[in-house]
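For reference, the chains in residue letters:
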Amino acid sequence: MEININCDLGEKSEHHSNKYDPDLLEIVNSANVACGFHAGDDESMNQVVQISKKNGVSIGAHPSFNDPENFGRQRMDLSSNEVRKLIIDQYEILQKIADSYGEKVTHIKPHGALNNMSSVSRDIAEAITRGISGVDKNLILVAVAGSYLFNSGIEAGLTVATEAYADRSYEDDGNMTSRQFDHAMIRNEEKAVKQVRSIVVDGIIIANSGKKIPVSVDTICIHGDEPTGPAIASAIKEMLKKEGVIIKPLPEMQLRQQK
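Reference entry: report on the structure contained in this document. These figures come from a predicted structure and were not determined experimentally. (Residues numbered from 1 in each chain as written. Predicted model: local features only at pLDDT ≥ 70, side-chain atom pairs only at ≥ 80, totals over all residues. Heavy atoms only, no water.)

### With respect to the packing of helix α5 (residues 122–135) against helix α6 (residues 148–155)
A pair of packed helices can be characterised by two numbers: the angle between their axes and the separation between those axes. For the pair α5 and α6, the least separation of the axes is 8 Å and the interaxial angle reads 45 degrees. As summarised for this structure, α5 and α6 are arranged oblique, according to the angle between their axes. You can see that α5 and α6 cross each other, and the crossing is right-handed. For the pair α5 and α6, contact is made by R122, A125, E126, I128 and T129 and by Y148, L149, S152 and G153, respectively. Classifying every residue of the contact of α5 with α6 by side-chain character gives four nonpolar, three polar and two charged. (Axes fitted to C-alpha atoms, helices over the stretch in contact; angles between N-to-C directions. Helix = DSSP H or I, 4+ residues; strand = E, 2+ residues; numbered from the N terminus. Parallel < 35°, antiparallel > 145°, perpendicular 65-115°, else oblique. Left-handed = near helix turned anticlockwise from the far one by under 90°. Contact = heavy atoms within 4.5 Å. Nonpolar A, V, L, I, M, F, W, Y, C, P; charged D, E, K, R; others polar.)

Right under this line is the structure:
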């Protein structure tokens, strides 16, 4: 069994620190890099790309709404063309930096409200996949299984990696708990490890209510802006290795929807 561990990184802003990035990049094997629209700047992008190259971590763009004041977590009403341009512009920003290190952006994972909206809006999902197709159809799209974004990516002929979260709780419909609730984030290592084992080994998400939701994923996400990130990432990686799970960067995986 194979799995990928990805992490949202380079999110330096007035809301969050990126001081944990170097530690996380020694644990995870794919990085979703903030491209300056919700967080991050040239310095933070250069740092993540440089350390990722050193550690064999694959590099992905983490595009968002252009809303640094709200860390990209507030919904915005944009046209399909505006959403498509967000994807293209942020990919190109990161790829330009990656070029300077002889590296390549290999995946795209939308951030925050843009990601949440793409799960439930066909128009937004299709705008994102058009943006990806417009720059490089070989890019891997990271999306929640069964979401509009996942389905749109498959329909567009993109390679899609299905994702679940180590440090977010879930509701009965399979969606993540809203951040307006205190229990939306999982900050306890044992609880995060238990959730990831259930998802990866047993193929089940256990919702807050106890409901069991069947799931099949390629990648597990950990939030890099949380102080608990490095400890949770390390504990999860150790557990997966003990379970005999092979951990790989996204471009090296045989993704489930390709099998």
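### Observations concerning the state of the cysteines
The final tally for this structure, using the stated rule, is zero disulfides. As a non-bridged cysteine, C221 has C7 as the owner of its nearest cysteine sulfur, 6.5 Å distant. We classify C221 as buried; its relative accessible area is 0%. (Disulfide = S-S within 2.5 Å. Buried < 20%, exposed > 50% of the residue type's maximum accessible area, 1.4 Å probe, protein only.)

### Some points on helix α3 (residues 80–99)
Its 20 residues place the ends of α3 28 Å apart at the C-alpha level, agreeing with the 28 Å of an ideal helix rising 1.5 Å per residue. Residues V83, L86, I87, I88, Q90, Y91, L94, Q95, I97 and A98 constitute the buried set of α3. Residues of α3 that are buried in the fold lie against β2 (30–33), α2 (42–55), β3 (58–61), β4 (105–108), α4 (112–120) and α5. (Expected span 1.5 Å × (residues − 1).)

### Notes on the pattern of salt bridges
Opposite charge on two side chains allows them to pair when their charged atoms are near. For the coordinates displayed, the defined rule picks out 10 salt bridges. Residue D8 is joined to K109 by a salt bridge in which the shortest nitrogen-to-oxygen separation is 3.2 Å. Of the two residues, D8 is situated in strand β1 (residues 2–9) and K109 in the loop between β4 and α4; the sequence distance between them amounts to 101 residues. The class for D8 is buried, based on a relative accessible area of 4%. (Salt bridge = Lys/Arg side-chain N within 4 Å of Asp/Glu carboxyl O.)

### Side note on the side chain of D167
Mapped onto the secondary structure, D167 falls in the loop between β6 (159–165) and α7 (189–200). Among the polar contacts made by the side chain of D167, one reaches the main-chain amide nitrogen of H223 at a distance of 2.8 Å. (Polar contact = N/O pair within 3.5 Å; in protein donor to acceptor, adjacent residues only side chain to side chain.)

### Observations regarding the nonpolar core
Among the nonpolar cores identified, the biggest contains 70 residues, and L94, I220, I236 and L240 are the most heavily contacted of them. Apart from the residues within four sequence positions on either side, I220 is in contact with I3, N4, I5, N6, A164, A166, V196, I199 and V200. Within the second largest apolar cluster, six residues are counted, among which are V142, A161, L250 and M253. (Core = buried A, V, L, I, M, F, W, Y, C linked by side-chain atoms within 4.5 Å.)

### A look at the packing of α4 against α5
Running from N to C, α4 and α5 cross one another at 115 degrees; their axes reach a closest spacing of 6 Å. The handedness of the crossing between α4 and α5 comes out as left-handed. Each of L114, M117, S118 and V120 in α4 lies in contact with α5, whose residues at this interface are R122, I124, A125 and I128. The residue makeup of the contact of α4 with α5, split by class, is six nonpolar, one polar and one charged.

### Some remarks on the environment of L158
Within the secondary structure layout, L158 lies in the loop between α6 and β6. Under the relative-accessibility criterion, L158 is labelled buried at 4%. Spatially, the C-alpha atoms of L158 and G210 are 34 Å apart, while their sequence positions differ by 52 residues.

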